[in-house]
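# Reading the structure
Each chain is listed here by its residues.
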Amino acid sequence: MRGRVGRLAKSGPGFECVSCGALLAKWEGRCPRCEEWNTVVEVASGAQGRPAAGSAAAVESLASASTKGDRATPTGFGEVDRVLGGGLVDGSVTLVGGEPGVGKSTLLVQLAASLSGPDRPVLYMAGEESAAQVAARARRVGADGTHVLLAAETDLAAVVATIAEHRPGLVVIDSIQTMVDADLGSAPGSVAQVRHCAQVLTAVAKATGVAMVLVGHVTKDGAVAGPKILEHVVDTVVLFEGDGRDGLRILRAVKHRFGPTGEIGLFEMRESGLVAVESPSETLLGGRRCGVSGSVVAVTREGRRPVLVEIQALVVGTTAPSPRRSTRGLDAPRLAQILAVLERHGGIALSKSDVYCSAVGGVRLVDPGADLALAVALASAADERVVADHVAVCGEVGLAGEIRGIRDPDQRVAEAARLGFTRVVGPLAGARRPPGVEVVVVETVAEALAATGVGAVAAHKPRAGADARQRHRPTRPIG
């Protein structure tokens, strides 16, 4: 059955899954790739014979190829420019994804007003809202829309014609899932429509040199909705994240052809719109409650700058056969690994407890340097021992219980010192020590737990039963 996925018949109609984009030779009630029901629809298929002969493409040497089009234009928002490596590049296509209500349209309205000018108009194509709604948002956030051209249009042909007529410096499509080409015959938002419209708009951007920003919906897992080819077609993919219960918003680049990924930009949503956060660490630690167990400050690295984030853990005993493992802002597989390391090398058994972990502030941590802080937070919550308020932790945890090195230790220690922390625990051998800051170098999880005051069981003590006999069993050479 799976052999037919991704392959159309040589003649006659074809079929496509609107959920995952799989191409099928015949209609089926259930897609064999994503196993969703009633998602296969008929689509028109072109000729499947040999490609027509054409003229050869113009070629040039790699050394002589021009790179003048790669210069970035600053957007006027420092945090956006940080994520994009300096700004928007002419002829580039940027995909912005985010959950409903997170502030994608607000951000793009402010960007459109900032980048527009008499000699550089911005074209804003609203597919989900009316022109009056977009104009009301612009007035609410104080955006000057004098040189922003606004239209509520979803027809792809009309959008392309409008771009050709006005020749703007920037085009905003809000959103790509609302664009539709009447010639395809499928519904707006379908895989075929999203893929086709994205390819056409990308070709227009490359041909005219117009920078283009596409707004994309996201799934419940946080991934950009639609076919995966959508992310391959565009030049840059950024995700706009945030917790609706507070005003903090995070812009994160996951793909960028004109610079590195991994940078984040922090904003605060206010009545007047989005405002850049100048000191992320101070904002993320604002309102932190001191003197409680299960709370540890991690010195992480987001992009090229260190950021201090509070990690909280809660451990509750349970009689359920499968204890619950809940994370927010942290990687679930990393949590499972750290729990195993704590039990094996830290003497802390949590296999009969529900575990809840969270990175406070709505951030999503991807830096492995937050591992040790999570381990200390779990140990603190399990034994109800409080980590001192002036202690910050960083380090990557290995499967053997070792603490592995991290990037930019000097910057991490300096950021912790700037915020008043007087003790930093981690694999920081050789790191510069600011005045008044004690740097505690640890090599194992057991040492880190002892250095933070939450390690009650030494990792080297043998346990009773088969584990102790196995521990003292002589090691045989391999081979």
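None of these values were measured; they are calculated from a predicted model. Counting from 1, residues in each chain are numbered in the order their sequence is written. Confidence filtering applies because this is a predicted model: local features only for residues at pLDDT of at least 70, side-chain atom pairs given and counted only at 80 or more, and all residues used for totals across whole chains, interfaces and linings. Heavy atoms throughout the structure, all of them, feed into the side-chain values; hydrogens and water do not.

As a further point, take unusual backbone geometry. Cis geometry marks the peptide bond from Asp 174 to Ser 175; its omega dihedral reads 15°. Counting from the N terminus, the helices are DSSP H or I runs at least four residues long and the strands are E runs at least two residues long. Position of Ser 175 relative to the elements: it lies in the loop between strand S9 (170-174) and helix H5 (191-208). In this structure, Arg 167 takes a positive phi of about 50° despite not being glycine. Think of it in three bands: with a 1.4 Å probe and only protein chains considered, a residue is buried below 20% of the maximum accessible area for its type, exposed above 50%, and partly exposed in between. By relative accessible area, Arg 167 is classed as exposed at 53%. Although it is not a glycine, Asp 408 adopts a positive phi angle of roughly 55°. If you trace the backbone, Asp 408 turns up in the loop between strand S21 (403-404) and helix H10 (409-418). Residue Asp 408 is classed as partly exposed on the basis of its relative accessible area of 27%.

All of the buried residues along helix H3 (residues 131-140) are Val 134, Arg 137 and Ala 138. Down the axis of H3, the smallest arc covering the buried residues is 100°, so these residues share one side. Of the exposed residues in H3, those oriented more than 90 degrees away from the buried face are Ala 132 and Arg 139. Backbone geometry just downstream of H3 places Gly 142 in the positive-phi region, at approximately 75°. This arc is taken over the directions from the axis of the helix to the C-beta atoms.

Moving on: the sheet that holds strand S6 (residues 93-98). As summarised here, the arrangement of the 9 strands in space is S8-S7-S9-S10-S6-S11-S12-S13-S14, forming an open sheet in which the pairing is mixed. The sheet is open, and its two edges are formed by strand S8 (148-152) and strand S14 (273-276), each paired on a single side. Taking each pair of neighbouring strands and ignoring which way they run, the sheet shows an average axis angle of 25°. When DSSP locates at least two bridges between a pair of strands, those strands are taken to pair. Two elements, S6 and strand S10 (residues 211-216), share 5 bridges in a ladder whose sense is parallel. By the bridge assignment, Gly 97 is partnered in S10 with Gly 216. Note on contacts: a residue pair is in contact if any heavy atoms of the two residues lie within 4.5 Å. As a rule, the C-alpha atoms of each element are fitted with a line to give its axis, helices using only the stretch in contact, and angles between N-to-C directions run from 0 to 180 degrees. Each of strand S7 (122-126), S8, S9 and S10 is contacted by helix H4 (residues 156-166), which is oriented at about 165° to S7, the strand it contacts most.

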